[in-house]
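# Examination of the molecular architecture
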Amino acid sequence: MSACLLCGSPSATALYRATDRLYRTTQRIFTVVRCGECGLMRLDPLPEPAELVQYYPENYWFAPDPTSAARLEEAYRRLVLRDHARFVGRALRESGVRGPLLDVGCGGGLFLGMMRERGRSVVGLDNSAAAARIAWSRQHVPAVCGDLEHAPLEAGAFAAITMFHVLEHVRDPRAYLSSAHRLLKPGGRLIAQTPDAACWQFRLLGRAWTGLDVPRHLFDFRASDLALLIESCGFQVLRRKHFSWRDNPAGMSSSVAPGLDPMARRTRRVPESSAARIVKDLAHFALAVCALPFTLAEAAAGAGSTIMIEARKP
Ligand SMILES: [Zn+2]
């Protein structure tokens, strides 16, 4: 077994054997283990980089097309992303640091487009050239294709760096956090969001919880694991948020009915008419509405299915 990312311990116990339930990119079986020392969950062994690429469908990011279903989906995405925009806007205001915002793993750039509309200077970074192109052409956001460690970005230039659902996907999260530390100005803010494996949804649904997302999620952090990891890279944790309008209710809907997940249907290229697409989107949305009381309750108890942390570079 590999050593634990957080505590270095080689001892671990196997929890689940699972395959790609959501996007069905492979039939391979993977093992999720829990560290015997600190309890951090991870895939073991970690897939090699060349292998990992195969588990990301080529249309993994969101690219709005001119159909009415897609327009409806973009309007919905904008609505639920306001939550992220508010969290980051407050971090920027309270930091008092001036400078651009960098979003790592920017995908199609919708979040950055919204921040740009709010008067912020923004830069996007994504592994996918196609995603960076969409961010540029659709959201008018300057975007770079590359990984954070080798990106052609100036050290000490950024007021804030956001990483929404990035750290659980990378083989070396510490390298990502250290790079973010180097790129931020003193007093600048890191905002990182991941699923939270300490959530009630995981306790209730076990391996059916979409937060595990085997094999794309290499680490299954609990909020406490993520905070420890961020602090070990030189940051000071300031704020935690356990509820996300975009992620928590819809995530539960996808756990219960993965076949309705809009992104899974798109990435698997499920053939469906425009009407069928709207019906399935609405069914997914209705399930998310039903999940709302539960997801609000777990978040109020500090056990929401995602965790967003604001941390400061001293
Ligand atoms: Zn450990």
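Below is a summary of the structure that appears in this document. (Residues numbered from 1 in each chain as written. Predicted model: local features only at pLDDT ≥ 70, side-chain atom pairs only at ≥ 80, totals over all residues. Heavy atoms only, no water.)

Turning our eyes to something else, we now look at the sheet that holds strand β9 (residues 219-220). Read across the sheet, four strands follow the order β1-β2-β3-β9 without closing on themselves; strand pairing throughout is antiparallel. What marks the edges here is a single partner per strand, and that holds for β1 (12-18) and β9. Looking at chain direction, β1 and strand β2 (residues 30-35) are connected through six bridges and run antiparallel. Bridge pairing in β2 links Ala12 to Cys35. (Pairing = 2+ DSSP bridges. Helix = DSSP H or I, 4+ residues; strand = E, 2+ residues; numbered from the N terminus.)

Before going further, it helps to examine the pairing of strand β5 (residues 122-126). With respect to burial, β5 is a largely interior element, five of its five residues being buried. Bridge count for strand β4 (residues 101-104) against β5 is four bridges, and the pairing is parallel. Paired with Leu102 across the two strands is Val123, which belongs to β5. (Buried < 20%, exposed > 50% of the residue type's maximum accessible area, 1.4 Å probe, protein only.)

This part covers a nonpolar patch on the surface. On the surface, Tyr76, Leu282, Phe285 and Val289 cluster together to form a nonpolar patch covering roughly 340 Å² of accessible area. With three residues, the top contributor of residues to the nonpolar patch is helix α10 (residues 274-300). A residue is classified by how much of its surface remains accessible, and Leu282, at 46% relative accessible area, is partly exposed. (Patch = residues over 30% accessible without salt bridge, like charges linked within 9 Å, V, L, I, M, F, W, Y side chains within 5 Å. Areas by Shrake-Rupley, 256 points an atom, 1.4 Å probe, with all protein chains shown as cover. Salt bridge = Lys/Arg side-chain N within 4 Å of Asp/Glu carboxyl O.)

Attention now goes to the coordination of the zinc ion. At the metal site, the zinc ion is ligated by Cys4 (SG), Cys7 (SG), Cys35 (SG) and Cys38 (SG), and these contacts range over 2.2 to 2.3 Å. Coordination at the zinc ion is tetrahedral, judged from the four donor atoms that bind it and the angles of 100 to 117° they form at the metal. Residue classification places Cys35 among the buried positions, given a relative accessible area of 3%. For Cys38, a relative accessible area of 26% puts it in the partly exposed group. (Donors = N, O, S within 2.8 Å, 3.2 Å for Na, K, Ca; no water. Tetrahedral: all angles 85-135°; square planar, octahedral: opposite > 155°, others 65-115°.)

Now for the sheet that holds strand β11 (residues 306-312). A sheet is described by the order of its strands in space; here seven strands give the open sequence β6-β5-β4-β7-β8-β11-β10, paired in mixed fashion. A single partner strand is all that each edge strand has here, and the edge strands are β6 (143-145) and β10 (236-241). Geometrically, the sheet is characterised by an average inter-axis angle of 20° between neighbouring strands, direction not taken into account. The pairing of β4 with strand β7 (residues 158-164) spans four bridges and is classified as parallel. Paired with Leu101 across the strands is Ala160, a residue of β7. (Axes fitted to C-alpha atoms, helices over the stretch in contact; angles between N-to-C directions.)

To continue, consider the packing of helix α2 (residues 68-95) against helix α3 (residues 110-117). How two helices sit against one another is set out by the angle between their axes and by the gap between those axes. Put simply, α2 and α3 touch, their axes get as near as 9 Å, and they point 60° apart. With respect to their mutual orientation, α2 and α3 come out oblique. Of the two elements, α2 crosses α3, and the hand of that crossing is right-handed. Contact residues: Glu74, Arg77, Arg78, Leu81, Arg82, His84, Ala85, Val88, Gly89 and Leu92 in α2; Leu110, Phe111, Met114, Met115 and Glu117 in α3. (Parallel < 35°, antiparallel > 145°, perpendicular 65-115°, else oblique. Left-handed = near helix turned anticlockwise from the far one by under 90°. Contact = heavy atoms within 4.5 Å.)

Here we take up helix α4 (residues 129-139). Listing the buried residues of α4 in full gives Ala131, Ala132, Ile134, Ala135 and Gln139. Down the axis of α4, the smallest arc covering the buried residues is 160°, so these residues share one side. In α4, the exposed positions angled more than 90 degrees off the buried face are occupied by Arg133 and Trp136. Turning to α4, the residues buried within the fold contact α2, α3, β5 and β6. (Arc of directions from axis to C-beta.)

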